[in-house]
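Structure assessment
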Amino acid sequence: MSIKLGDTAPDFTAPSTQGDIKFHQWIGDGWAVLFSHPKDFTPVCTTELGEVAKLKSEFEKRHCKVIGLSVDSVDEHEKWASDIEETQGVALNFPLIGDPDRSVANLYGMIHPKALDTLTVRSVFVIGPDKKVKLTLTYPASTGRNFQEILRTIDSLQLTAKHQVATPVNWKHGEDVIIVPALSDEQAKEKFPGGWKTLKPYLRVVAQPK
Ligand code: BEZ
């Protein structure tokens, strides 16, 4: 199944290192990142999971929960967790879904047979409070993800949701943003009474709303 932006994130119940997860209920009324990694006891995955554990408070600041998945069992995840703590200097502090029958991996299209025939690739789904998929990323097994970039995309998505602004190339939190084309100048005056810079009628730059 291929999941498109704007689709409702498929709901599921699955075992995890923090007990059974009913996905939509677990998300609650905030944001969520669901990410897959190919396999337990593999090097790149070990570094990624350590990094996500270190960044947990950054996700929390954004009212965003994180949950990982691989096609190994929860028992295997639990054995691997001590290696993650030993080598990355941080304990796993978010749930890892066990998916040995690949039911969640198949539901989310995380298995790309031409890349890895039975294992999940590095998929990322950012899901909003309305349970819709806001962003997807797919990396091959050999390329570890940049989770600072994933935090940056969450900042951008949340600004768009709240303030009807878009974020330009290489934007970082605190930098100027762009008023979305769907907003007329009249509507923009109400939202941005401090004004904005019009470089072209379709390119209106404004300070990042607080
Ligand atoms: C890794 O996490 O290092 C990895 C996993 C599967 C294939 C290649 C690399």
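**A look at the overall build of the protein chain**
Tallying secondary structure elements over the protein chain gives seven helices and eleven strands in all. Projected onto its principal axes, the C-alpha positions of the protein chain cover 60 × 35 × 30 Å. For the protein chain, the exposed surface amounts to about 10700 Å²; the carbon and sulfur share of it is 53%. Each charge sign in the protein chain was given a centre, from 25 positive and 27 negative side chains, and these centres are 8 Å apart.

**Observations concerning the pattern of salt bridges**
Evaluation of the coordinates by the stated rule reveals 13 salt bridges. For K134, the salt bridge identified is with D130, shortest N-O distance 2.9 Å. Here K134 falls in the partly exposed class, since its relative accessible area comes to 27%. The residue E175 makes a salt bridge to K172 at a minimum N-O spacing of 3.5 Å. Using a relative accessible area of 35% as the deciding quantity, one classes E175 as partly exposed. Judged by relative accessible area, K172 falls into the partly exposed class, the value being 48%. In the salt-bridge network here, residues are joined through shared partners; they are E58, K61, R62 and D155.

**Observations regarding the domain arrangement of the protein chain**
Assigned domains of the protein chain: these are domain 1 (13-144) and domain 2 (163-206). Look at where the C-alpha atoms of domain 1 and domain 2 centre, and you get two points 34 Å apart.

**Considering the site of the ligand**
Looking at the ligand, the residues that line it are P38, T42, P43, V44, C45, R122 and A141. One of the side-chain nitrogen or oxygen atoms of T42 is found 3.1 Å away from an oxygen atom of the ligand. Between an oxygen atom of the ligand and a main-chain N or O atom of P43, the distance comes to 3.3 Å. The protein chains hide 76% of the 260 Å² of surface that the ligand would expose on its own. For the shell around the ligand, the element with the most residues is helix α2 (residues 43-54), which contributes three residues. Among the residues making up the shell around the ligand, the classes are represented as five nonpolar, one polar and one charged.

**Some words on the sheet that holds strand β7 (residues 133-139)**
Here five strands make up an open sheet; going across it, the order is β5-β4-β3-β6-β7 and the pairing mixed. Since the sheet does not close on itself, it has two edges, and those belong to β5 (96-98) and β7, each with one partner. The average undirected angle you get between the axes of adjacent strands in this sheet is 20°. Bridge count between strand β3 (residues 31-36) and strand β4 (residues 64-70): six bridges; the pairing is parallel. When the sheet's bridge partners are listed, F35 is paired in β4 with G68. Helix-sheet contacts for α2 involve β3, β4, β5 and β6 (122-127), and the interaxial angle to β6 is about 25°. Sheet strands touched by helix α4 (residues 74-88): β4 and β5. Its angle to β5, the strand with the most contacts, is close to 140°.

Quick notes on the rules
- Residues numbered from 1 in each chain as written.
- Predicted model: local features only at pLDDT ≥ 70, side-chain atom pairs only at ≥ 80, totals over all residues.
- Heavy atoms only, no water.
- Helix = DSSP H or I, 4+ residues; strand = E, 2+ residues; numbered from the N terminus.
- Areas by Shrake-Rupley, 256 points an atom, 1.4 Å probe, with all protein chains shown as cover.
- Lys, Arg positive; Asp, Glu negative; His and termini not counted.
- Charge placed at Lys NZ, Arg CZ, Asp CG, Glu CD.
- Salt bridge = Lys/Arg side-chain N within 4 Å of Asp/Glu carboxyl O.
- Buried < 20%, exposed > 50% of the residue type's maximum accessible area, 1.4 Å probe, protein only.
- Domains from an automatic or database assignment.
- Near = heavy atom within 4 Å.
- Polar contact = N/O pair within 3.5 Å; in protein donor to acceptor, adjacent residues only side chain to side chain.
- Nonpolar A, V, L, I, M, F, W, Y, C, P; charged D, E, K, R; others polar.
- Pairing = 2+ DSSP bridges.
- Axes fitted to C-alpha atoms, helices over the stretch in contact; angles between N-to-C directions.
- Contact = heavy atoms within 4.5 Å.

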